Amino acid sequence: MQRAGSMMSHLGSCLQALPSALRRSLSSAQTKIFGHDRVKLMESLVVGDIAELKPNQGTLSLFTNEAGGILDDLIVTNTSEGHLYVVSNAGCWEKDLTLMQDKVRELQNMGNDVGLEVMDNALLALQGPTAAQVLQAGVADDLRKLPFMTSAVMEVFGVSGCRVTRCGYTGEDGVEISVLAAEAVRLATALLENPEVKLAGLAARDSLRLEAGLCLYGNDIDEHTTPVEGSLSWTLGKRRRAAMDFPGASVIVPQLKGKVQRRRVGLMCEGAPVRAHNPILSTEGTVLGAVTSGCPSPCLKKNVAMGYVPCEYSRPGTLLLVEVRRKQQMAMVSKMPFVPTNYYTLK
């Protein structure tokens, strides 16, 4: 991670390798959407412009409800193999699967050509500035031609049929490797043979994603948060905004030009580390909202957090207070990401 020299030398590349039995409870759920009407199905559930995706290009999108709330965040990739590859949060797996299956049945009953397949795959995230170098030793494909949010199917260290996507939830360069569950330990073991690669748990990933200003579903966004409130308006495709044809559009689209009651903001905090549910107050002591995520930043050596405040308090540089263990301490609204991201793009 090119965030701080000491952190780079300490961590190198990090591999989040979870046992296949835990992949849905702790990592992600993977599905294929196929059929002529696969884009129609996905666009009936998410806010993004899936039709504009090029072959093997992906995008972060959101499942929303009719009230404009976020049901989950997910990545949708338009594969060159003729299906959509969907990665969603394991913690929302049952409701996500039910949502997609119900819509599949609804469209099939209307004569549409669409289907869904649950993949029995694990997902390994290899992250950090040397991730591509480490992976290149085990693949024939030229990873220099694989930019951020694109993917390709390839053999990885002798394991065939892996889908390698240039993405991750750390703000750094890296890949996520979708591999058959039965081959996950074998692949993880092969990657760990490189001394650059260290196992990293979810706590390490959490500090990295927070430094990058990335949301954790259930903490920073949920069914009662709209994309505009969550500072995720960029996920709304221009065509979709104009058509207003996604769930909750009648609530979400007017918020783009109007005024929402609250917004997600970044906070740089003094004093003790700030955690979720700590109150956020005005400098006069009025409770404005609450912290949704917070931790000490290993790179900045400062405490960072995210939370929701009324719009009039959301401008960067605004001074606020946070309450930690009944003591008030200073906080300042900060632009996010707190630490610059380092995604790989083609020059």
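Residues numbered from 1 in each chain as written. Predicted model: local features only at pLDDT ≥ 70, side-chain atom pairs only at ≥ 80, totals over all residues. Heavy atoms only, no water.

Put simply, the rule reads: UniProt positions are given in the numbering used here, feature names are shortened, and annotations may be inferred rather than shown by experiment.
Under the annotation held in an unreviewed UniProt entry, the protein carries the name Aminomethyltransferase and is attributed to Monodon monoceros. According to the UniProt record, the Subunit (unreviewed entry) comment for the protein is "The glycine cleavage system is composed of four proteins: P, T, L and H." What UniProt records for the protein under Subcellular location (unreviewed entry) is the sentence "Mitochondrion".

Brief notes about the UniProt feature "binding site: substrate" (unreviewed entry) in the protein
Quick note on the threshold: Under the scheme used here, helices are H or I runs from DSSP no shorter than 4 residues and strands are E runs no shorter than 2 residues, and both carry numbers assigned from the N terminus. When a residue's accessible area, from a 1.4 Å probe over protein chains only, is under 20% of the maximum for its type it is buried; when over 50% it is exposed; and in between it is partly exposed.
As annotated in UniProt, the feature "binding site: substrate" (unreviewed entry) corresponds to Glu176 in the numbering used here. Relative to the helices and strands, Glu176 is located in strand 10 (residues 174-180). The exposure class of Glu176 is buried, given its relative accessible area of 16%.

Quick notes on the UniProt feature "domain: GCVT N-terminal" (unreviewed entry) in the protein
Under the present numbering, the feature "domain: GCVT N-terminal" (unreviewed entry) in UniProt falls on residues 29-237. The straight-line gap between the two end C-alpha atoms of residues 29-237 is 24 Å; of that span, 23% is helix and 31% is strand.

Notes on the nonpolar core
This is how the line gets drawn: Here the nonpolar core consists of buried residues drawn from Ala, Val, Leu, Ile, Met, Phe, Trp, Tyr and Cys, with membership extended through side-chain atoms lying within 4.5 Å. The contact criterion used throughout is that any non-hydrogen atoms of two residues lie within 4.5 Å.
With 24 residues, the main nonpolar core has Leu135 and Leu187 as its most contacted residues. Put simply, the parts of the chain that give this core at least two residues each are strand 7 (121-127), helix 5 (131-136), strand 8 (151-156), strand 9 (159-165), strand 10 and helix 6 (184-192). The residues contacting Leu135, other than those within four sequence positions of it, are Leu126, Leu143, Val156, Phe157, Val164, Val175, Ile177 and Leu191.

Some details on the sheet that holds strand 5 (residues 83-89)
This is how it is decided: Strands pair, by our definition, only if DSSP identifies at least two bridges between them. Between N-to-C directions, angles span 0 to 180 degrees; the directions come from axes that are lines fitted to C-alpha atoms, helices contributing only their stretch in contact.
With respect to topology, five strands assemble into an open sheet ordered 3-4-5-2-6, the strand pairing being antiparallel. With partners counted over all chains shown, the strands left at the sheet margins are strand 3 (57-64) and strand 6 (115-118), one partner each. Strand-to-strand twist across the sheet, computed as the mean angle between neighbouring axes with direction ignored, equals 30°. Bridge count for strand 2 (residues 28-34) against strand 5 is seven bridges, and the pairing is antiparallel.

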